[in-house]
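Chain residues, written in single-letter form:
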Amino acid sequence: MNEQLLVQTGADLAEEIGARAVVAFTRPCTCQAKVPLIWVQDLQLDILKDLSMCEILSVCEHHMLDAAVQVYLKDRFEDGTVVAVFPYAILVFDLEKAKNFVNIKEYEDIVPRDVMYAVLNLALEIAVEGREGRAIGTAFVIGDPTKIARHSHQAILNPYAGHDPAYRDVTNRENWESVKEFAQIDGVFVLDTEGTLQSAGTYLDVNAKVVDLPPGLGGRHLATAAITAVMPAVGVTVSESGGLVRVFRDGVCTITIRSDIRITS
Ligand SMILES: Nc1ncnc2c1ncn2[C@@H]1O[C@H](COP(=O)(O)OP(=O)(O)OP(=O)(O)O)[C@@H](O)[C@H]1O
């Protein structure tokens, strides 16, 4: 079906029902929209053409949830609906589902909301962009730095040592470029609960046997999960192989976000 017609229909519907945005899984095209238009470059959409309508709806819902999680994190739409336009379907999606899926509130006893939003968005950017054309993996451990230090050591000189706290504030986007650069270093980032970067290139000395995680996760994922089991901390990992962003607390993986869905406004 004509993609422009589908997107225009989605935009008209969005305006009619007061949706927050149109999320289009088609090739970008021009359209008259009074609500924000977000394009999703989804790498796996080709599989839709061989499926039944029922299967398409189920796949579309999954894709929409992945995209809605990113829209929710990026734009902080806390409630309302978005209209999703697929090559074969138009769906109305309740953003509450994305909010419940990520549920930043579940970490507020350790990490404030703003810091959690910032670290998750940064992790997603690292997963999507990589560095100098290659995928990179890294991890962030957020908690009391003194307690984290009891379970870790510096694998290299700490590049953040002596830097002004303003330069180390993760909630300030201007500081993300250096984080992306240091993400290429082995080890993890340590942040205090205010979101101030304490160190990079930190090696976690925790026994991964304290956690029971599905097989296939690498050493950094296991160590990040393990440190959240032995102290109040939240771990956010970016997998080099697979590009998934995961969140850990209490030794358990609580969120997994796909990064192969790329959204642009
Ligand atoms: N305990 C740890 N603390 C900090 N860094 C670690 C630890 N264990 C491994 N690493 C570092 O993480 C890097 C990646 O290791 P590995 O591939 O085993 O794990 P991963 O990052 O969990 O997996 P993925 O390949 O999915 O990113 C290695 O370069 C290693 O130095």
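Values in this document were obtained by computation on a predicted structure and should not be read as measured data.

A. Seen up close, the overall build of the protein. In terms of regular secondary structure, the protein is built from seven helices and twelve strands. Computed over the C-alpha atoms, the radius of gyration of the protein is 20 Å, within 12% of the 18 Å expected from 2.2 N^0.38 for a compact globule of 265 residues. Reported as C-alpha extents along the three principal axes, the dimensions of the protein are approximately 60 × 40 × 35 Å. Across the 265 residues that make up the protein, the buried fraction comes to 39%. In the protein, the share of contacts with a sequence separation of at least 24, taken over all contacts with a separation of at least 6, comes to 61%.

B. Seen up close, unusual backbone geometry. Positive phi outside glycine occurs at Glu132, with the angle close to 50 degrees. Structurally, Glu132 is set in the loop between helix H4 (113-129) and strand E5 (138-143). With phi around 50 degrees, Asp250 is a residue other than glycine that occupies positive phi space.

C. Structural view of the environment of Thr196. Topologically, Thr196 is positioned in the loop between strand E7 (188-191) and strand E8 (197-204). Sequence spacing of Thr196 and Val170 is 26 residues, and the spatial spacing of their C-alpha atoms is 6.0 Å.

D. Highlighting the site of the ligand. Taken together, 15 residues lie near the ligand, and Gly137, Gly218, Gly219, Arg220 and Ala223 sit nearest. For the shell around the ligand, the secondary-structure elements that each account for two or more residues are E8 and helix H7 (219-230). Per-element accounting of the shell around the ligand gives the leading share, four residues, to H7. Across the shell around the ligand, the residue classes tally to five nonpolar, seven polar and three charged.

E. Broad picture of helix H3 (residues 95-102). For H3, the full list of buried residues reads Leu95, Ala98 and Val102. Relative to the axis of H3, the buried residues are bounded by an arc of 55 degrees and lie together on one face. Where H3 is buried, its residues meet helix H2 (53-75), strand E3 (81-86), strand E4 (89-94) and strand E11 (252-257). Asn103 sits one or two positions beyond H3 and adopts a positive phi of about 40 degrees.

F. Structural detail: the UniProt feature "domain: DAC" (unreviewed entry) in the protein. In the numbering used here, UniProt assigns the feature "domain: DAC" (unreviewed entry) to residues 104-260. Each end of residues 104-260 is marked by a C-alpha atom, and these two atoms are 22 Å apart; helix forms 26% of the span and strand 24%.

G. Fine view of the environment of Arg258. Looking at the secondary structure, you find Arg258 in the loop between E11 and strand E12 (261-264). Judged by the 21 C-beta atoms lying within 10 Å of it, Arg258 falls in the buried class. Sequence-wise, Arg258 and Val69 are 189 residues apart; in three dimensions their C-alpha atoms are separated by 9.3 Å. In contact with Arg258, not counting residues within four places along its chain, are Asp66 and Leu244.

H. Quick look at the packing of H2 against H3. Two elements in contact, H2 and H3, have axes whose closest approach is 9 Å; the angle formed by their N-to-C orientations is 80 degrees. In this view, H2 runs roughly perpendicular relative to H3, as classed from their interaxial angle. Where H2 approaches H3, its residues Leu65, Ala68, Val69, Tyr72 and Leu73 are matched on the opposing element by Leu95, Lys97, Ala98, Lys99, Phe101 and Val102. Grouping the amino acids of the contact of H2 with H3 by side-chain chemistry returns nine nonpolar, no polar and two charged.

I. Structural detail: the sheet that holds E7. The sheet built from seven strands is open, its strands ordered E6-E8-E7-E5-E9-E10-E11 with mixed pairing. Strands at the two margins of the open sheet, each flanked by one partner only, are strand E6 (152-154) and E11. On average, each strand axis in the sheet is inclined to that of its neighbour by 30 degrees, with strand direction left out of account. Here six bridges tie E5 to strand E9 (residues 233-238), and the two strands are oriented antiparallel to one another. Paired with Thr138 across the two strands is Val238, which belongs to E9. Across the sheet, H7 is in contact with E5, E7, E8, E9, strand E10 (245-249) and E11; its angle to E9 comes to roughly 165 degrees.

J. Spatial organisation of H7. With twelve residues, H7 ought to run about 16 Å at 1.5 Å a step, and its terminal C-alpha atoms sit 17 Å apart, in line with that. For H7, the buried fraction is high: nine of the twelve residues fall into the buried class. Looking only at H7, the buried set comprises Arg220, His221, Leu222, Ala223, Thr224, Ala225, Ala226, Ile227 and Thr228.

Rules used in this analysis
In this numbering scheme, every chain counts its residues from 1 along its sequence in written order. Residue-level local features of this predicted model are given only where pLDDT is at least 70; pairs of side-chain atoms are given and counted only at 80 or more, and the full residue set underlies all totals for whole chains, interfaces and linings. Put simply, DSSP H or I for four residues or longer makes a helix, DSSP E for two residues or longer makes a strand, and each gets a number counted from the N terminus. Radius of gyration means the value over C-alpha atoms here, while the globule rule gives 2.2 Å times the residue count to the 0.38 power. To assign burial, the other C-beta atoms lying within 10 Å of each residue's own C-beta are counted, with C-beta atoms placed from the backbone; 20 or more indicates buried, 12 or fewer indicates exposed, and intermediate counts indicate partly exposed. This entry defines residue contacts through backbone-placed C-beta atoms, with two residues in contact when those atoms are within 7 Å. Here, nearness is defined through the C-beta atom: a residue counts as near a molecule or strand if that backbone-placed atom lies within 6 Å of it. Gly is put with the polar residues, along with every residue not named as nonpolar or charged; the nonpolar set is Ala, Val, Leu, Ile, Met, Phe, Trp, Tyr, Cys and Pro, and the charged set is Asp, Glu, Lys and Arg. The arc in question is formed by the directions pointing from the helix axis toward the C-beta atoms. UniProt positions are given in the numbering used here, feature names are shortened, and annotations may be inferred rather than shown by experiment. Only C-alpha atoms enter the line fits that serve as axes; for helices the fit covers just the stretch in contact. Angles between N-to-C directions range over 0 to 180 degrees. In what follows, roughly perpendicular refers to angles from 65 to 115 degrees, roughly parallel to angles under 35, roughly antiparallel to angles over 145, and oblique to any angle outside these ranges. Strands were regarded as paired on the criterion that DSSP finds at least two bridges between them. Expected helix span is taken as 1.5 Å per residue step, with the number of steps being one fewer than the number of residues.

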